[in-house]
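Structural overview for review
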Amino acid sequence: MVFSKKIKTASDKALEMCKEIFVEIKKIEEYNQQKVLKSFIKNEISESHFVETTGYGYNDRGREKLDKVFADIFECEDALVRHNFVSGTHTLSTALFGILRPKDKVLCVTGIPYDTLSDVINSKGKNYGSLNDFDIDFEYIDYNKNEDIYFKNIKNKLLKNKYKLLYIQRSRGYTLRDSLSSKKIGDIIQFAKSIDDKIISMVDNCYGEFAEKHEPTHFGADLIAGSLIKNPGGGIAVSGGYIAGKKKFVEQCAYRLTAPGIGKEIGANFGVNRSLFMGILNAPHVVAEAKKTAVFAAALFDIFGYEVYPKYNETRCDIVQSIVLQKPELLINFCKGIQSASPIDSFVSPEPWDMPGYENKIIMAAGTFVSGSSIELSADGPLKSPYTVWVQGGTSFYCSKLGIMAAAEKVIDQN
């Protein structure tokens with residue numbers, strides 16, 4: 001690949017800026033890798049757990065062991081790990097409908113959730129079977145860095161209404177607020193439970209797994225959920241999602257996924273167990289590579305004077321990097337640059353389109369081996385001011401670095 005002298009010089013400078021940060025990322029990777037390997041050894045994982053099952057999948061030992069491995073890694077009582085979760089949205093929806101009942105109320109304390117959950121919450125008369133259709137109320141509080149104001153707002157809500165569920169989104173979605181550390185999430189949960197000890201806490205953990213040494217369940221979250229084509233799939237899992245946390249809540253979610261009274265007891269693996277086990281084993285390293293990619297992207301575009309969130313040297317709680325480009329053509333060109341340096345479909349030119357579940361036209365670049373995978377290098381953003389691109393993933397830092405450089409070349413040329 002050929003880059004201009006300006007991009008190569010800036011890239012070398014960015015790498016130098018990132019050196020110390022990369023050392024810290026490797027420390028987190030090593031800690032998490034030990035945690036995952038310990039779980040494999042404890043649960044005596046063997047080749048027999050990769051055997052294909054069909055039909056009802058009764059007595060699928062691999063399926064049962066996979067749940068135990070995830071529960072150990074996430075330091076909680078139980079997990080539901082299934083290839084037939086079709087997306088992160090499906091997984092989160094299953095968890096919400098598993099826990100909630102008509103007349104229940106939800107308080108989301110991180111603002112309006114990610115766009116694709118909007119129809120899950122309220123399909124606005126379309127009769128999709130949303131939470132609203134079942135008379136379940138979903139309320140919001142925006143996250144505020146000022147803790148005094150933020151916790152006061154939470155307290156006022158909890159004293160005024162009885163909420164069944166406290167909902168927290170770890171990553172920022174298409175906003176520029178900070179992503180939340182597992183410790184910060186724990187503090188929010190502890191505060192809420194000091195006011196109402198019966199409230200159930202649920203965390204959308206997408207993009208956050210293995211970004212830190214511990215997950216929200218370590219700090220008191222009752223339930224977390226995420227996608228296997230993001231962090232915990234390690235770039236190997238071809239589909240799926242997980243729900244993990246307290247056993248009684250995981251069981252309720254399993255009844256929603258299959259049927260009441262059946263829950264986790266059936267479900268054939270169709271031979272995918274091997275890739276799911278391999279994925280979670282590789283996840284700490286792959287997430288570290290993705291974090292390095294995000295740090296490098298932040299440093300490189302900071303050199304060229306763009307607003308980046310977070311900064312290259314700020315603490316990271318997920319794998320997502322936001323870059324404010326200010327112009328629609330720069331957002332489009334950034335994505336074209338990423339696509340041009342992708343191993344798959346490098347010859348394709350992404351264009352904005354009306355994607356189901358989103359209010360604005362979206363442009364997405366992802367030359368990935370798994371369709372839609374967000375742990376492989378990808379970039380996307382809605383065509384609305386301030387025309388911010390969200391970059392995530394990168395299973396190999398050096399391959400992803402070239403993708404970021406290609407995007408920078410396209411943006412700098414255009415601007």
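None of the values given here were measured: they were computed from a predicted structure. (Residues numbered from 1 in each chain as written. Predicted model: local features only at pLDDT ≥ 70, side-chain atom pairs only at ≥ 80, totals over all residues. Heavy atoms only, no water.)

Points about the overall build of the protein
The number of helices and strands found in the protein is 10 helices and 12 strands. Computed over C-alpha atoms, the radius of gyration of the protein comes to 21 Å, within 12% of the 22 Å expected from 2.2 N^0.38 for 415 residues, which places it in the range of a compact globule. Considering only C-alpha atoms, the protein reaches an extent of 65 × 55 × 40 Å along its principal axes. Every one of the 415 residues in the protein was classed for burial, and the buried ones make up 56%. Accessible surface computed for the protein: about 17,900 Å², of which carbon and sulfur atoms make up 52%. In the protein, 52 positive and 51 negative side-chain charges are present, and the distance between their average locations comes to 2 Å. (Helix = DSSP H or I, 4+ residues; strand = E, 2+ residues; numbered from the N terminus. Rg over C-alpha atoms; globule rule 2.2 N^0.38 Å. Buried < 20%, exposed > 50% of the residue type's maximum accessible area, 1.4 Å probe, protein only. Areas by Shrake-Rupley, 256 points an atom, 1.4 Å probe, with all protein chains shown as cover. Lys, Arg positive; Asp, Glu negative; His and termini not counted. Charge placed at Lys NZ, Arg CZ, Asp CG, Glu CD.)

Quick look at unusual backbone geometry
Cis geometry marks the peptide bond from Y309 to P310, where omega comes out at -10°. Topologically, P310 is positioned in the loop between β8 (307-309) and β9 (321-324). The phi angle at F210 is positive, at roughly 70°, despite the residue not being glycine. Tracing the backbone through its elements, the reader meets F210 in the loop between β5 (200-204) and β6 (223-227).

Observations concerning empty space enclosed by the protein
For the structure on display, the rule yields one cavity of 30 Å³ or more. What the largest cavity holds in volume is close to 70 Å³. As for the largest cavity, its lining consists of R63, L66, V81, R82, H83, N84, G267, A268, N269, N273 and L276. Of all elements in the fold, only α2 (61-73), β1 (78-82) and α8 (273-303) reach the threshold of two or more residues within the lining of the largest cavity. Class assignment of the residues belonging to the lining of the largest cavity gives a composition of four nonpolar, five polar and two charged. (1 Å grid on protein atoms, 1.4 Å probe; cavity = no way out; pocket = protein on both sides within 12 Å on 5 of 7 lines; lining within 4 Å. Points joined across faces, edges and corners; volume = space filled by probe spheres on them. Nonpolar A, V, L, I, M, F, W, Y, C, P; charged D, E, K, R; others polar.)

Everything listed is a geometric property; what it means functionally is a separate question.
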